[in-house]
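# A look at the structure
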Number of protein chains: 2
Amino acid sequence: MDDTPLSAATGVPRPGLPRPGAPATLFVCITCRLAPDETEPRAGRRMHDAMVAAHQRHPDAARLAVVPVECLSNCNRACTVAFAGPGRWTYVHGDLAPEAADDVVAGAVLYAGTADGLVPWRQRPERLRKGVISRVPPLFPA
Amino acid sequence: MDDTPLSAATGVPRPGLPRPGAPATLFVCITCRLAPDETEPRAGRRMHDAMVAAHQRHPDAARLAVVPVECLSNCNRACTVAFAGPGRWTYVHGDLAPEAADDVVAGAVLYAGTADGLVPWRQRPERLRKGVISRVPPLFPA
């Protein structure tokens, strides 16, 4: 279940609030569109919902929080997610789609299992080997 | 002076270690190249060095640490920087060049002056209005 706190004002999830006890966060852009698809709900929202379902099924779900975000500023290479966690490099992955949900959750759980956020390239699910948009070092390395 | 700690093993700066007391960090990719320029030092290194100089001249330098990084994974839209700080959204900016150093440092100081990392678009230096590569929410909002 996605129990991300909602903003009282807008009903939109408060970005960046990790689930207590989860060592890493999978941020999912819910405003991403896959052009020329103009249908609602948007591809980003559908991908998020598929990731919540994949997360529920994952045996190591407790390692990870799945948090929806409105725009990760990667609109041209949607759909988009980010992996983040204390002491870890932050990774933004693009060129995704709702069908990638299971692979991305599996990759995020691997990420959560590292101390520094660096998952060796060969160990990553196929969908996460290409489409790296950016990475940023931790402010406070573990 | 750039007093970023260096790795004992490699002499390469330890990424992500903010200067004590600086509320925000400007990460600068020193491995970026501007194709077809193959000269050394690379454009990223030259941009970093120009930013260290711009930072020294800035009256609000104490707000910011300038930290070199080997690869922010935005090679196709070099040169690249990231703005990060506790409680703040992390921004990656690309399509930069050594000549942008003063503007980027000015923008990073504005970023450092916010609680959440959100600098209104109109207040940003021109070079930072385009070229946003990604943004990621804070894990622990301020």
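Read on for an overview of the structure. Because the structure is predicted, anything quoted here is derived from the model rather than measured. (Residues numbered from 1 in each chain as written. Chains lettered and ligands numbered in written order. Predicted model: local features only at pLDDT ≥ 70, side-chain atom pairs only at ≥ 80, totals over all residues. Heavy atoms only, no water.)

### Looking at the sheet that holds strand β4 (residues 90–93) of chain A
Residues and elements named next belong to chain A. Spatially, five strands are ordered β2-β1-β3-β4-β5 in an open sheet, and the strand pairing comes out mixed. At either margin of the open sheet sits one strand with a lone partner, and together these are β2 (64–69) and β5 (132–136). In this sheet, adjacent strand axes meet at a mean angle of 15° when their direction is disregarded. Sheet analysis places strand β1 (residues 24–29) next to β2, joined by six bridges and oriented parallel. Residue pairing across strands places Val28 opposite Pro68, the latter belonging to β2. Lying over the sheet, helix α1 (residues 43–57) contacts β1, β2 and β3 (81–84), oriented at roughly 150° with respect to β1. Against the sheet, helix α2 (residues 101–112) makes contact with β1, β2, β3 and β4, and its axis sits at roughly 20° relative to β3, the strand it touches most. (Pairing = 2+ DSSP bridges. Helix = DSSP H or I, 4+ residues; strand = E, 2+ residues; numbered from the N terminus. Axes fitted to C-alpha atoms, helices over the stretch in contact; angles between N-to-C directions. Contact = heavy atoms within 4.5 Å.)

### Observations regarding the side chain of Asn74 of chain A
You can see Asn74 of chain A is positioned in the loop between β2 and β3. With a relative accessible area of 8%, Asn74 of chain A lands in the buried category. Ignoring sequence-local partners within four residues, the contact set of Asn74 of chain A consists of Thr80, Gly94 and Ile133 of chain A together with Ile133 of chain B. (Buried < 20%, exposed > 50% of the residue type's maximum accessible area, 1.4 Å probe, protein only.)

### Points about helix α1 (residues 43–57) of chain B
Two residues of an α-helix separated by three or four positions point the same way, owing to the 3.6 residues in each turn. Residue and element names in this part refer to chain B. When the terminal C-alpha atoms of α1 are compared, their 21 Å separation across 15 residues agrees well with the 21 Å that a helix rising 1.5 Å per residue should span. Restricting attention to buried positions, one finds in α1 the residues Ala43, Gly44, Met47, His48, Met51, Val52, Ala54 and His55. Residues of α1 that are buried sit in contact with β1 (24–29), β2 (64–69), β3 (81–84) and α2 (101–112). (Expected span 1.5 Å × (residues − 1).)

### A word on the packing of aromatic side chains
What the rule picks out here adds up to two aromatic pairs over all chains. Between Phe83 of chain A and Tyr111 of chain A, the ring centres sit 5.3 Å apart and the planes meet at 55°, which makes this aromatic pair tilted. Of this pair, Phe83 of chain A sits in strand β3 while Tyr111 of chain A sits in helix α2; the two residues are 28 residues apart in sequence, bridging distant segments of the chain. Lying across the ring of Trp121 of chain A, Arg129 of chain A places its NZ or CZ 4.9 Å from the centre. One cation-aromatic arrangement involves Arg88 of chain B over Tyr111 of chain B; the distance from NZ or CZ to the ring centre is 5.8 Å. (Phe/Tyr/Trp six-rings, centres within 6.5 Å; stacked < 30°, edge-to-face > 60°. Lys NZ or Arg CZ within 6 Å of the ring centre and 35° of its normal.)

### Remarks on the sheet that holds β1 of chain B
Residues and elements named next belong to chain B. The strand order across the open sheet formed by five strands is β2-β1-β3-β4-β5, and the pairing between neighbours is mixed. Two strands in the sheet have a free side with no partner beyond their single neighbour: β2 and β5 (132–136). Neighbouring strand axes in the sheet, compared pairwise and without regard to direction, differ in orientation by 15° on average. In this structure, β3 lies alongside strand β4 (residues 90–93), joined through three bridges in antiparallel fashion. Looking across to β4, one finds that Ala82 is bridged to Val92. Each of β1, β2 and β3 touches α1; the most contacted strand, β1, lies at about 150° to it. Those strands touched by α2 are β1, β2, β3 and β4, and its axis lies near 20° from that of β3.

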